[in-house]
Amino acid sequence: MPRFIVHNEAPNIMNYNLNQQSDKSEQKASNLASLRKLISLIGEERINLIKAFVAIFVNAVLSLLGPYLIGYTIDKYIQNREYHGVLVFSAILLALYIVAFVVNYLQMRMMGGIGQRMLFSLRNAVFKKLQELPVDFFNQNKAGDLISRINNDTDKVNQFFSQSLMQFIGSIFTMTGAGIILLLINLPLGIAALSPAFIVWIFTRFISPWVKRVNAESMQSTGELSAEIQESLVNFKVIVAFNRRDYFRKRFEVANHDNYSKSVKAGIANNVFTPVYTLAANLGQLIVLAFGIYLIVRGHFTVGLLISFIAYVTNFYNPLRQLAALWASFQIAMAAWDRISLLLSLETNLLVVDDPQCIQSDSFMTFRNVSFRYPNGKEVLHKVSFDLERGKTYAFVGPTGGGKTTTASLIARLYDATRGFVLLDGKDIRSYPPEVRSQKIGFILQEPFLFSGTVRENILYGNTPYRNLTNQQLSEVIAEAKLESLLERFDNGLDTVVQTAGDGISLGQKQLIAFMRAVLRKPELLILDEATANIDTVTEQLLDCILKNLPESTTRVIIAHRLNTIENADQIFFVNSGKVILAGSFKDAVDLLLHGKNES
Amino acid sequence: MNANTMSKPTIKPSDSTGSKPGIFSLLKPYSGIVILLIIMSLLGSGINMLIPKIIAKGIDTFSAGNFDRALIVYQFTGAAAGIFLFTFLQNIFQTYAAERVAKDLRTQLSDKISRQSYAYILKSNPSRLLTNLTSDIDSVKMFVSQAFVIIISSVFVIVGTSVLLILINWKLALTVISIVPVIGGAFFIVLRKVRVLFKRSREIIDSLNKIINESIMGSALIRVLNSQQPESIRFLETNLVSRNLGLSILRLFATLVPVIMFVSNLAVVTILALGGHFVVTGTMSLGNFAAFNSYIVLLIFPIMMIGFMSNIIAQASASYSRINDVLDSQLTDETGTIESKIRGDIDVKDVSLFYGDKPILKNVSFSVKAGSKTAIIGPTAAGKSQLLYLLTNLMSPDSGTIEFDGIRADLYTKEMFHSQIGFVFQDSVIFNMSLRENIAFSDKVTDESLDKAISTAELSDFIDSLPQKLNTVVSERGTSLSGGQKQRIMLARALAINPKILLLDDFTSRVDRKTENKILCNLLNNYPDLTLISVTQKISPVRHFEQIVLLMEGEVIATGKHKDLKESSPEYAQIYSSQRSTQHYEL
């Protein structure tokens, strides 16, 4: 061991709380920038988007062409009583509408398809990001809030894309066209006519950040509501057993009311655009009327031109009024996207790094001066050093809250040490790719977790080599590992249906499944964190045999309170108040446990 | 009522067709604001129709030479101000109405859910209830805030314009109006199809919720096993179903909307061809023809709006019927009337419990004297926890009775019953609240009983070591606490209500031996009259209990004191001997 101890001062305590992320730096990015980021996420849709734009454009042209053709027919044929021409143009119009029908269909299919696919990829991206993040992240965020982000916020983005975007673009097309024509007909009058639009633009720029913020608040409150519901539903049995149904109602009422007031605020904010835009449209018309008449009096303009000018003003301001509602939905989508991109911008703090090679060790697992603290917590481990050899059995004992589970979590690299080094097989544990590490280290967690499914699915969860075995073959593997007597405890064996929630299956049975799951993976180091605490002692003896049946080189780490589960250990570590001390003998350990200072 | 037959989260769909309340009935309690809303919207759009008139009048009077600038400006400004005011008010009422409906529906739902039995929550699946309270309500909200007014005003405009058209030329009008039933038919067909799809897509959201939820609850396991990839695939598969459903719905609407527009455009062509014919043959004036042309635009626009809104209506209807399934669900009524205090005599008589066909408990009988201590031991999955659930009334037995002081448990009022029975669950249930709120979970807990509970559970040292003591907020799922700390918090929570009966479900499994002994000692000293029933794996701490019940595969194998069972029951002896090797170390 080298003399100099290198402390890797850890910058790796990360704030993963999504609702407490400081929104200083890049969060102030403009709409355009975050829109660009969003578009980059749906890169493969770019061609479809262009196709859809073409369809929207054709559709807009066709819908402008219709009234023009009708006007032409009236002027040219109906007024002149030429019915043949009327029929010809009716036929042309019909043909036009058939084309419009097809284009319209295509446009809806394409834009809607883009929206749906985008929703799909966004949800996948968010879920995938969740999978990349460490356990820390889940300790700092609430399940209900995350669900709300994945399902509700992505849907808000989708709603804008599949429903509003095509109107948005269509409106902008028509508006720009009408605006240009206005300026071409008469520049001063055109400028006058467009001036309210300019004011609206300033108003919009001024008010949009507020609208977005209020919507973000409303979404955050929706997330909180969702978290509240989730927590209460998951903990419902305590609510029933303590007859605190009123608790559920009260807590919910608070969140519900908060959500209500925030949503009303957001709703009103989203609705300020329409009346203002309408007012601007009316103002535009008034200006044109007054200024136009003034120009006519001055002899610069004619009544005929004024009438068509007013028609174009309507053509300009009607889409602008539509834009009002669309702009609100754009702000909602942007607020939702911010919430999503905040999540997407998080990175795991458990990166794979190069082995610094500053410590030599022949042991299978080595702790050197390891200190650890949870974010915002006090130090749980302080300068802990120990070695675990291949093929030996170690017991970690100590009072609750002493740091046993934390030590085990560091062995499995659920967290990184704040200071010091953890070495696996002589190399820094951080230098192993996750798949190699998880192959070597098995960890039966204190709280067994089952996925809704069958026992088979659960014991093979994350087990690639055995996944495709038939039940027959699997039974052989299970027999070989001496696990069949455990499996017998499930009514339908491998096909027994289990649920994540609910009490159809006991905690002890869940522990049995977790045990089988870990043993079948044949890890080189197996940690049992009070993994058999709720299993009866007779069955536990059976588990002991199974553990002994593991390959000779397997290292076992057992955390337990029951003394009989640890008496066969080769070495016993006493873990208390941040220190890990090697106990000389079993008797020693028991003395420490029974009479030692309990600082938990 | 049993938990493991819930693989399909089907809550008896109240599909007794016909009697189902439609989405519009939802607005009945809000008729006041809804009427205001409609008035505002009609006023707004009514005045809006005046604007072209004012402009026309301005131009006409100007051409005629008697142009009154001030009058026109006043009229115009007045109209513009009116429109501004009424659209603004309409929007505010609309927002307010939508959020009120959402809030009240949520309150109704939560009220209903909070009164439901534990079994109902398990059966209906929390993921689904979460969707009900969030996404489903959102759809309904969209309906109120966007679709409702548009539909009302659209229908209004359609009827109005139709009347105008008939007045101008009934022959042409009837031809044109004949498109309305065609469009109605198209709606009917598509909406009927899409309804099923929307319902399915909501159910897929339920499953997405469930997958996300499991991936969060199991996040540590997933990382230990490095199975993030399969998790993502699992999510992707369900998400794919969701996308395909979305695309199928889209296909229907992408057909419906163009069809509606095309049919409306056909009306335009008809007017041109047929109306043109009338004008050419002289049966219709050119002016009337022009009017017809402009009114048809007025007719088509609301039809198209209804087309766009149909999506929202269909979605909201599907969601509303899901919400109604929950609101209409049966409540287990409060049957109890007895308010008396419980002394603590417990009689379990011939109790059986089934999950589906599988017996969990078979004719279990035993009795417990007030103030005595009973241990229930037995192998994993013997039915011990379920027995405790029955004792707390979280579940009801399929046959047999459980009596407290000779009175059936369900005859007590819930309030009375639960305030006297403390239950420490096997798995830790921790709320994201302060420690104080977690422990003093009932509002009847006094500071004194809180302190007593905390010191009995040996939590004082731990709490004192925290900077914010009892006000420390615990994270969701208690991730900031060790297993033993969580278990002791659960114990303190049960003790804080000063129960007459305490049920412990394997509670010391994560507490070290020394602490466990202290806690048992504290219990005896601080709560001397307590009737204790403890499910446990370890015999030594309960050796001195008045009674030990040995439960195996749902049956009571033996009952008695430790020293008798040791001799009389071979099963008990076997369990005992499996723990003996370390016995001499234990206090």
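Thresholds, definitions, all that
- Residues numbered from 1 in each chain as written.
- Chains lettered and ligands numbered in written order.
- Predicted model: local features only at pLDDT ≥ 70, side-chain atom pairs only at ≥ 80, totals over all residues.
- Helix = DSSP H or I, 4+ residues; strand = E, 2+ residues; numbered from the N terminus.
- Rg over C-alpha atoms; globule rule 2.2 N^0.38 Å.
- Buried ≥ 20, exposed ≤ 12 C-beta atoms within 10 Å, placed from the backbone.
- Contact = placed C-beta atoms within 7 Å.
- Nonpolar A, V, L, I, M, F, W, Y, C, P; charged D, E, K, R; others polar.
- Domains from an automatic or database assignment.
- Pairing = 2+ DSSP bridges.
- Axes fitted to C-alpha atoms, helices over the stretch in contact; angles between N-to-C directions.
- Expected span 1.5 Å × (residues − 1).
- Bend = angle between axes of the 7 residues up to and from the residue.
- Core = buried A, V, L, I, M, F, W, Y, C linked by C-beta atoms within 7 Å.
- Left-handed = near helix turned anticlockwise from the far one by under 90°.

### Describing the overall build of chain A
Along chain A, the regular secondary structure elements total 18 helices and 12 strands. What you see for chain A is a C-alpha radius of gyration of 35 Å, clearly larger than the 25 Å of a compact globule of 600 residues, by over 25%. Seen through its C-alpha atoms, chain A measures out along the principal axes to roughly 115 × 55 × 55 Å. Burial status across chain A gives 52% buried among its 600 residues. Considering only contacts within chain A whose residues lie at least 6 apart along the sequence, 80% involve residues at least 24 apart.

### As for the interface of chain A and chain B
Facing the 137 residues of chain A at the interface are 137 residues of chain B. Sort the elements by how many residues they give to the side of chain A that touches chain B and helix α3 (residues 83-132) of chain A lands first, with 25 residues. Partitioning the side of chain A that touches chain B into residue classes produces 67 nonpolar, 49 polar and 21 charged.

### As for the domain arrangement of chain A
Reports of interface size often rely on the accessible area that becomes lost once the parts have come together. Each domain of chain A was delimited in the assignment, giving domain 1 (18-344) and domain 2 (365-594). Just the C-alpha atoms count here: the centres of domain 1 of chain A and domain 2 of chain A sit 53 Å apart.

### Some words on the sheet that holds strand β10 (residues 555-559) of chain A
The strands making up a sheet associate through backbone hydrogen bonding, with each pair oriented either parallel or antiparallel. All names here are of chain A. Reading across the sheet, the six strands line up as β6-β9-β10-β3-β11-β12 and stay open at both edges, with mixed pairing between neighbours. Each edge of the open sheet is held by one strand with a lone partner, namely β6 (441-444) and β12 (579-583). Pairs of neighbouring strands in the sheet enclose a mean axial angle of 20°, with direction left out of account. As defined by bridge partners, β6 adjoins strand β9 (residues 525-529) across four bridges and the pair is classed as parallel. When the bridges of β9 are listed, G442 appears paired with L526.

### Focus: the environment of B:V144
Residues and elements named next belong to chain B. Secondary-structure assignment places V144 in helix α4 (residues 126-168). Between the alpha carbons of V144 and Y96 there is a distance of 9.8 Å; along the sequence they are 48 residues apart. Residues contacting V144, with those up to four places away along its chain left out, are A97, A98 and V101.

### Some details on helix α6 (residues 179-217) of chain B
Taking 1.5 Å per residue, 39 residues should reach 57 Å; α6(B) reaches 55 Å between its end C-alpha atoms and fits that length. Taking the largest bend as the criterion, α6(B) deviates by roughly 25°, centred on B:V194.

### Structural notes on the pairing of strand β3 (residues 393-397) of chain A
All names here are of chain A. Along β3, five of the five residues are buried, which leaves the element largely enclosed by surrounding structure. Burial along β3 is two-sided: the face carrying T393, A395 and V397 and the face carrying Y394 and F396 are both buried. Pairing analysis gives four bridges linking β3 to strand β11 (residues 571-576), with the strands arranged parallel. Looking across to β11, one finds that Y394 is bridged to Q571.

### Brief notes about the pairing of β12(A)
Of the strand pairs in this sheet, β11(A) and β12(A) are connected by five bridges, and their pairing is antiparallel. Its bridge partner lying in β12(A), A:I572 is registered against A:A583.

### Quick look at the nonpolar core
Judged by nonpolar contacts, the single largest core of 338 residues is most densely connected at A:I527, B:V140, B:F143, B:A492 and B:L503. The biggest single contributor to this core is helix α10 (residues 303-344) of chain A, with 22 residues. Setting aside chain neighbours within four positions, we find A:I527 in contact with A:A408, A:I411, A:A412, A:G442, A:F443, A:I444 and A:V557.

### Examining the domain arrangement of chain B
Segmenting chain B into domains produces domain 1 (3-8 + 16-327) and domain 2 (342-420 + 500-508 + 533-587). Distance between the C-alpha centres of domain 1 of chain B and domain 2 of chain B: 58 Å.

### Here we look at unusual backbone geometry
All names here are of chain B. The phi dihedral of E458 is positive, around 60°, even though this residue is not glycine. In this model, K469 sits at a positive phi of 50°, which is unusual for a non-glycine residue. A tally of 12 C-beta atoms within 10 Å means that K469 is categorised as exposed.

### With respect to the packing of helix α2 (residues 69-115) of chain B against helix α9 (residues 286-327) of chain B
All names here are of chain B. Where α2 contacts α9, the axes come no closer than 9 Å and their chain directions differ by 35°. α2 and α9 meet at a crossing whose hand is left-handed. On α9, the residues that touch L105, Q108, L109 and K112 of α2 are I323, V326 and L327. The residue inventory of the contact of α2 with α9, partitioned by class, reads five nonpolar, one polar and one charged.

### Structural notes on the sheet that holds strand β5 (residues 427-428) of chain A
Residues and elements named next belong to chain A. A sheet is described by the order of its strands in space; here four strands give the open sequence β2-β1-β4-β5, paired in antiparallel fashion. Edge positions in the open sheet fall to β2 (379-388) and β5, since each of these has one partner strand only. The sheet contact formed by strand β4 (residues 419-424) and β5 spans two bridges and is antiparallel. Looking across to β5, one finds that L424 is bridged to K427. Across the face of the sheet, helix α11 (residues 404-411) comes into contact with β1 (365-373), β2 and β4 while running at roughly 120° to β1.

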